[in-house]
Amino acid sequence: MPRSVNAVASRARRKKVLKATRGYFGRGKNVWTVAKNKYEKGLQYAYRDRKAKKREFRALWIQRINAGAREHGISYSQFMGMLKKADIELNRKVLADLAMNHPEAFKAVVERVK
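Residues numbered from 1 in each chain as written. Predicted model: local features only at pLDDT ≥ 70, side-chain atom pairs only at ≥ 80, totals over all residues. Heavy atoms only, no water.

Let's talk about the overall build of the chain
The helix and strand inventory of the chain stands at five helices and zero strands. Order of helices (α) and strands (β) in the chain, N terminus to C terminus: α-α-α-α-α. The C-alpha radius of gyration computed for the chain amounts to 25 Å, which surpasses the reference 13 Å derived for 114 residues by more than 25%, pointing to a less compact arrangement than a globule. When its C-alpha atoms are laid out on the principal axes, the chain stretches across 85 × 30 × 20 Å. Burial status across the chain gives 22% buried among its 114 residues. Sequence-distant contacts in the chain: of pairs separated by 6 or more residues, those separated by 24 or more amount to 42%. Carbon together with sulfur atoms contributes 53% to the accessible area of the chain, which is approximately 9000 Å² in total. For the chain, the centre of its 29 positive side-chain charges and the centre of its 9 negative side-chain charges are spaced 18 Å apart. (Helix = DSSP H or I, 4+ residues; strand = E, 2+ residues; numbered from the N terminus. Rg over C-alpha atoms; globule rule 2.2 N^0.38 Å. Buried < 20%, exposed > 50% of the residue type's maximum accessible area, 1.4 Å probe, protein only. Contact = heavy atoms within 4.5 Å. Areas by Shrake-Rupley, 256 points an atom, 1.4 Å probe, with all protein chains shown as cover. Lys, Arg positive; Asp, Glu negative; His and termini not counted. Charge placed at Lys NZ, Arg CZ, Asp CG, Glu CD.)

Here's what the structure looks like:
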């Protein structure tokens, strides 16, 4: 009995990976073994960086809030403590947007908590 291999499924799987690796550098786009490794590594990076992205944005928001708060003579730490005491529940994303794009609104928040 001849050996049966599912070439249709194998080819489809390879096509899927090679389609996903279009635009990669060098052999990473057209040589199956290299493309497969790069594709899998890319998925690992994507998974890791979905988590890292959240950390990076939070750090950016904190820097922006700190810059805005220091313009009004207080540090980020003091400002966040005062917000908590004043029972104002604005998250860092919103505060950072106010500090960057609406300085008069941010100033009003700072004056409210002082």
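Observations concerning the packing of aromatic side chains
Under the defined criterion, the tally for this structure stands at two aromatic pairs. With centroids separated by 6.0 Å and ring planes inclined at 40°, the aromatic side chains of Phe57 and Trp61 adopt a geometry described as tilted. One end of the pair, Phe57, and the other, Trp61, are both in helix H2 (residues 32-71), four residues apart, so they sit about a helical turn from each other. Ring centres of Phe79 and Phe106 lie 5.3 Å apart, and the angle between their planes is 55°; this geometry places the pair in the tilted category. Note that Phe79 is positioned in helix H3 (residues 76-85) and Phe106 in helix H5 (residues 103-113), a separation of 27 residues in sequence. Phe79 sits in the buried class, given a relative accessible area of 0%. Geometry around Trp32 places Arg14 over its ring, the cationic atom sitting 5.6 Å from the centre. When the ring centre of Tyr47 is taken as origin, the NZ or CZ atom of Lys51, which lies over that ring, is 4.3 Å away. (Phe/Tyr/Trp six-rings, centres within 6.5 Å; stacked < 30°, edge-to-face > 60°. Lys NZ or Arg CZ within 6 Å of the ring centre and 35° of its normal.)

Observations concerning a positive patch on the surface
A surface patch of positive charge is lined by Arg11, Arg13, Arg14, Lys15 and Lys16. The topology assignment puts Arg11 in helix H1 (residues 7-20). (Patch = residues over 30% accessible without salt bridge, like charges linked within 9 Å, V, L, I, M, F, W, Y side chains within 5 Å. Salt bridge = Lys/Arg side-chain N within 4 Å of Asp/Glu carboxyl O.)

Looking at the packing of H2 against helix H4 (residues 92-101)
It is at 8 Å that the axes of H2 and H4 come closest, and there the two elements cross at 45°. The angle between H2 and H4 places the two elements in the oblique class. At the point where H2 passes H4, the crossing takes the left-handed sense. The segment H2 lies against H4, with Arg58, Trp61, Ile62, Arg64, Ile65 and Gly68 engaging Arg92, Lys93, Leu95, Ala96, Ala99 and Met100. (Axes fitted to C-alpha atoms, helices over the stretch in contact; angles between N-to-C directions. Parallel < 35°, antiparallel > 145°, perpendicular 65-115°, else oblique. Left-handed = near helix turned anticlockwise from the far one by under 90°.)

Observations concerning the nonpolar core
Counting residues in hydrophobic clusters, the biggest one holds 16 residues, and the most contacted among them are Ile65, Phe79, Met80, Leu83, Leu95, Phe106 and Val109. When contributions to this core are tallied by element, the ones reaching two or more residues are H2, H3, H4 and H5. The contacts of Leu83, once residues within four sequence positions are left out, are Ile88, Leu95, Val109 and Val113. (Core = buried A, V, L, I, M, F, W, Y, C linked by side-chain atoms within 4.5 Å.)

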